[in-house]
Amino acid sequence: MGLTRRQFIKRTAALTAASLVGIELPRGMREVAQAADVDRWEPGVCRFCGVGCRVYLGLKNGKPVAIKGITESATNKGYVCMKGMLFYRIIHHPERLKKPLYRERKDQPFREISWEEALDIAARKFAETVARYGPDATAYYGSGQALTEETYLFQKIMRGGLGTNNVEGNPRLCMASAVGGYLTSFGADEPIGSYANIEKAYCFFIIGSNMAECHPVLFRRVMNRKLSRPDEVKVINADPRVSPTSRIADLHLQFKPGTDLALLNAMAYVIVEEGLYDEEFIRKYCKFKIGKPPKDVSFEEYKEFLKQYTPEKAAEICGGNITPEKIRTAARWFARSKATMSLWTMGINQRIRGVWANNLIHNLHLLTGQLCKPGADSFSLTGQPNACGGVREGGGLCHILPAHRPVKIDKLRHQVEDLWGVPRGTIPPKPGYHTIAMFRAVNQGKIKAIWINCTSPAQSLPNCDYYRKGLRRDDVFVVVTDIFPTKTTELANLVLPTAFHFEKTGVYGCTERRSQLTVKVVDPPGEAKPEVWIVREWALRMAEHFERLGDRRRARNLRICVKPFLGKEEGYELPKAIWEEYTQKLTKGRDNDLSGATYEVLRKRPDGVQWPAPTEEIALRGGTPTKFVRGIDPLADKHPGTDPYVFYGPAHRDHKLYIWLRPYQGAAEEPDAEYPFYLSTGRVIDHWHTSSMTGRIPELLRANPYAYVEINPRDARKLGIKPNDMVEIETRRGKIVLPAKVYEGPIEGMVFVYWYDMEESRMANRVTKDAFDPGSKEPEFKICACRIRKVSGPRPLKPYVVGHRI
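The structure displayed is predicted, hence computed values, not measured ones.

Okay, the packing of aromatic side chains next. Each aromatic ring pair is specified by the distance between its two centres and by the angle formed by the two planes. If you walk through the whole model with that rule in mind, you get 38 aromatic pairs. Between phenylalanine 48 and tryptophan 688, the aromatic rings sit 5.5 Å apart at their centres with planes inclined by 50°, giving tilted as the arrangement. Linking phenylalanine 48 in the loop between β1 (40-45) and β2 (54-60) with tryptophan 688 in the loop between β24 (677-682) and α27 (698-703), this pair joins segments that are 640 residues apart in sequence. As far as the burial class goes, phenylalanine 48 and tryptophan 688 line up, both buried. Relative to tryptophan 344, the ring of tyrosine 182 lies with its centre 6.4 Å away and its plane at 35°, an arrangement referred to as tilted. In this pair, tyrosine 182 sits in helix α7 (residues 176-186) while tryptophan 344 sits in strand β13 (residues 340-344), placing the two residues 162 residues apart along the sequence. For the residue pair tyrosine 182 and tryptophan 344, the accessibility class agrees, reading buried in each case. Through successive ring pairs, a cluster of aromatic residues spans Tyr277, Phe288, Phe299, Tyr302, Phe305 and Tyr309.

Moving on, we get to the packing of helix α10 (residues 260-273) against helix α14 (residues 324-336). Viewed as axis vectors pointing N to C, α10 and α14 meet at an angle of 65°, and their least axial separation amounts to 9 Å. Of the two elements, α10 crosses α14, and the hand of that crossing is right-handed. Residues Leu263, Ala266, Met267, Val270 and Ile271 of α10 touch α14, and the partners they reach there are Ile327, Arg328, Ala330, Ala331, Phe334 and Ala335. Here the contact of α10 with α14 is composed, by residue class, of ten nonpolar, no polar and one charged.

Turning to helix α21 (residues 464-472), a few remarks are in order. Taken residue by residue, α21 has Cys464, Tyr467, Arg468, Gly470 and Leu471 as its buried positions. Looking straight down α21, one finds that the buried residues subtend no more than 155° of arc, so they occupy a single side. Lining the buried residues of α21 we find α19 (435-443), β17 (449-453), α20 (457-460) and β18 (477-482).

Let us look at empty space enclosed by the protein. Counted according to the given criterion, the structure contains four cavities of 30 Å³ or more. Put simply, the second largest cavity is a space of about 70 Å³. Cys46, Phe48, Cys49, Val51, Cys53, Cys81, Lys83, Pro216 and Val217 together form the lining of the second largest cavity. Here the lining of the second largest cavity is composed, by residue class, of eight nonpolar, no polar and one charged.

Let us look at the layout of surface pockets. Approximately 1,800 Å³ is the volume attributed to the largest pocket. Lining the largest pocket are 46 residues, with Leu183, Thr184, Pro406, Lys408 and Ala651 sitting closest to its centre. Those elements giving two or more residues to the lining of the largest pocket turn out to be α7, α16 (354-368), α18 (410-420) and β23 (657-660). For the lining of the largest pocket, the leading source of residues is α7, giving five residues. Residues belonging to the lining of the largest pocket are distributed by class as follows: 20 nonpolar, twelve polar and 14 charged.

Bringing the pattern of salt bridges into the picture now. Overall, the coordinates contain 65 salt bridges when judged by the stated rule. The closest approach of N and O atoms between glutamate 116 and arginine 541, which form a salt bridge, is 2.8 Å. Residue glutamate 116 is located in helix α5 (residues 115-133), and its partner arginine 541 is located in helix α22 (residues 531-548); the two are separated by 425 residues in the primary sequence. The class of glutamate 116 is exposed, set by a relative accessible area of 53%. Salt bridges linked by common partners bring Asp465, Arg468, Lys487, Glu760 and Arg766 together as one network.

Attention now goes to the confidence of the model for the chain. Averaged over every residue, the pLDDT of the chain is 95; residues scoring 70 or more account for 96%. The low-confidence segment residues 8-14 (pLDDT under 50) makes 23 contacts with residues lying over four places distant or belonging to another chain.

With that out of the way, let us pick up the sheet that holds strand β4 (residues 101-102). Here we have seven strands laid out as an open sheet, ordered β5-β4-β19-β18-β17-β6-β7, and mixed in their pairing. Only two strands of the sheet have a single partner each, and these edge strands are β5 (111-112) and β7 (167-169). Pairing between β4 and strand β19 (residues 494-497): two bridges, direction antiparallel. When the bridges of β19 are listed, leucine 101 appears paired with valine 495. Together, β6 (138-142), β7 and β17 form the strand contacts of helix α6 (residues 148-162), whose direction differs from that of β6 by roughly 165°.

Time to look at helix α9 (residues 216-228). When the terminal C-alpha atoms of α9 are compared, their 18 Å separation across 13 residues agrees well with the 18 Å that a helix rising 1.5 Å per residue should span. Of all the positions in α9, only Pro216, Val217, Leu218, Phe219, Arg220, Arg221, Val222, Met223, Arg225 and Lys226 are classed as buried.

Of the pairings in the sheet, the one linking strand β25 (residues 709-711) to strand β27 (residues 735-742) comprises three bridges and is parallel in character. Bridge pairing in β27 places valine 709 opposite alanine 740. Taken together, strand β26 (residues 726-730) and the strand that follows it, β27, pair antiparallel across an intervening segment of four residues.

So, on to the side chain of arginine 103. For arginine 103, the position within the fold is in the loop between β4 and β5. Among buried charged residues, arginine 103 stands out as having no salt bridge; its nearest opposite-charge side chain is aspartate 107, 7.3 Å away. At 3.1 Å, the side chain of arginine 103 forms a polar contact with the backbone oxygen of glutamine 108. Not counting residues within four places of it along the chain, the set of residues in contact with arginine 103 comprises Gln108, Pro109, Phe110, Thr489, Glu490, Leu491, Ala492 and Asn493.

For the rest of this paragraph, the subject is the environment of serine 243. Its location among the elements puts serine 243 in the loop between β9 (234-238) and β10 (251-253). Take serine 243: its relative accessible area is 4%, and that puts it in the buried class. Taking the C-alpha atoms as reference points, serine 243 and glycine 193, 50 residues apart in sequence, are found 26 Å from one another.

Criteria and cut-off values
Residue numbers run consecutively from 1 along every chain, following the written order of its sequence. Local features in this predicted model are restricted to residues whose pLDDT is 70 or higher, and side-chain atom pairs enter the listing and the counts only when it is 80 or higher, whereas totals over whole chains, interfaces and linings include all residues. With hydrogens and water excluded, all non-hydrogen atoms of the structure serve as input to the side-chain values. Working definition: a ring pair exists when centres of Phe, Tyr or Trp rings (six-membered ring for Trp) sit within 6.5 Å. Plane angles under 30 degrees give stacked, over 60 give edge-to-face, the rest tilted. A run of H or I in DSSP counts as a helix once it spans at least four residues, and a run of E counts as a strand once it spans at least two, with each numbered from the N terminus. Buried, partly exposed and exposed residues are distinguished by accessible area as a fraction of the type maximum, computed with a 1.4 Å probe on protein chains only: under 20%, between the cut-offs, and over 50%, respectively. Axis definition: a line fit to C-alpha positions, over the contact stretch in the case of helices; interaxial angles, taken between N-to-C directions, run 0 to 180 degrees. Crossing handedness is defined as follows: a turn of the near helix away from the far one that is anticlockwise and smaller than a right angle gives a left-handed crossing, while the clockwise case is right-handed. It only takes one pair of heavy atoms within 4.5 Å for two residues to be counted as in contact. Nonpolar residues are Ala, Val, Leu, Ile, Met, Phe, Trp, Tyr, Cys and Pro. Charged residues are Asp, Glu, Lys and Arg, and all others, Gly as well, are polar. Our arc is simply the arc of the directions from the helix axis toward the C-beta atoms. Lining residues are those with an atom within 4 Å of a point, where the points come from a 1 Å grid over the protein atoms alone and group into cavities, where a 1.4 Å probe fits but cannot get out, or pockets, open sets with protein on both sides within 12 Å along at least five of seven lines. Grid points are joined across faces, edges and corners, and a volume is the space filled by probe spheres set on the points. Any Lys or Arg side-chain nitrogen found within 4 Å of a carboxyl oxygen on Asp or Glu counts as a salt bridge. Every residue carries a pLDDT, the predictor's confidence in it, which falls somewhere between 0 and 100. By this definition, two strands are paired if DSSP reports at least two bridges between them. Expected span, for any helix, means 1.5 Å times one less than how many residues it has. Counting rule applied: Lys, Arg positive; Asp, Glu negative; His and chain ends not counted. Here a polar contact is taken to be a pair of N or O atoms separated by no more than 3.5 Å, where protein atoms must pair a possible hydrogen donor with a possible acceptor and residues adjacent in sequence count only if both atoms sit in side chains.

Below is the structure:
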């Protein structure tokens, strides 16, 4: 059935909107919405969020004209959200960057230059910086939106070529606390199970996540499960804000921001007090731990610790609508359910004690044995499409090398050096700068040359005005690779235009350990190039500059790093060679073994491969849906014994799961007499991160043209604020002014702002706080203190996107 593009968009938009509000459209309409007037459909992965929706890109006369979901996919079962459905419009957008741009000083205008000149400038600046200040004066800051091949090659050049661990990425801002939680509780990063558990769960514990807007396709699956068994399946939603996710909740726990550690410990108290725990699971597989360095404690000591968190005491700490009976109800539903699945994201991770909050969620699953069985899982949702596969697994953070190897462990570091063929001692034993430390080092002039790829820290960092000062310095050379102008390209010396999704080939690894391939089907516009080509050519030119500077060791190492990729065609053969090196050499024998998941296998699969997948035979079956279970996980089968589970995570040599004693701790900056409100931030369904892409799609921009501040009606009444009045939000970092949305969303005493808006007076991260978790180094975006006041009645406002002609 053929449809015009307009008809196609209208039908699928209706489908997505219906998904959000819980309406099941008639099957006939769903089928209509899946058709469009195209010549052919090419498979790939969605460009946004961490769900990993499998999609077809529709081409007409060689041009992208539509996107639809792939019904055979295990991730999305054919559904896509509005962002996913419309991202094809970015592919040939007229505002795409098409030529390299350069300026010597940041007060000068950019001028177009050739790739030859651009690569030579980038190579010379980095080589001269290393020669003059040492390798740690250079840095790479990447993205969970970059392909795995890109992250892997960037970090290889920085570590194996230049000799620095200043390799970092924006996933530090969103999921580093989840990594810390998994490693300290389970001994291994990333979730144990899969999305498939959603259809088998009987209790959902959703905490710190507005799934309905941030992971709408996955939320649809949760909603369908609830609607299919409304009396059997329970949904608990714990959040300081009533969000669209709360609409399906049987129990909504609304608490003061930053008090969730008390709530989680209180639920554990009830589980222990009422004997709802799984004694055999605890005895066989768990240990109780406290402190740093960790010490073993007994179950009795854990019980004693929990006495600080009776439901009565926790209800006093949490405030809001929390009562002792609600805490008991939540704990009983969680423990007694035939299968409980927890789901969370930034509301838990972006905290000064985000790792502890993750530990306390895991504790509930370990106490009750709600793991490794159908429907039971402790499942962190990932924000970006390749934060897991590219950054967590590919070595894209300052403290980890590819395939979950900590930098500081000599044996594992030397393994990487040997596999790359560079001399031992090339990679420093000390981790590099984490994100906040990296940009503080930029401010301090310690970093003199930084390459920022596929992300916009000038808008996305907390307290961003402070860090923009460093990026503006003329003695800091800034390279940005991106597809559109952004707040960060405004601070660059060199802007390099890159290929977008479907204009290049590579792999995304989504939340459930699933790697999926997208193959190039259209050419990038103008002179835009894939990052893997850019990095290879940059490395070769740096080798020449190091030769001239007399540093033959670095010149040799750089040539060794790119030798396997020389002469490879950039659209497919080059990323394929990089993926082969990464999977066949680096992941082989590790817990995220992907050596069976070749490009050939990935092209045969409708929805990719879940690791571990150590052989092509296993990969062709889709890999491992549940880790640690004998008979399902091939790595578990290698261990002796007869217990059904083997928790072989590399961080826990004793193969035990740890139940942690983690005390309640509030936010870094609590409200006080001067700043009496909590400020929290988040996403809206129509926009992606800084809106540099979605802000250029008319349907999405019209839906949310500018950010606003949500204010509880009781607070609004006290302050004389009416809907659409202009409201100033002031923190100790600065002020922004936004229109008010008076709404029973945020708890009384809290305001909430969407952070995608680029307009300076509405840019949320100008006022957020950059305090961070001491373990994960993830900033506490979600909580700071503010004061608010009405500055005027409603005003006409205009949307703003850098470089966009609206």
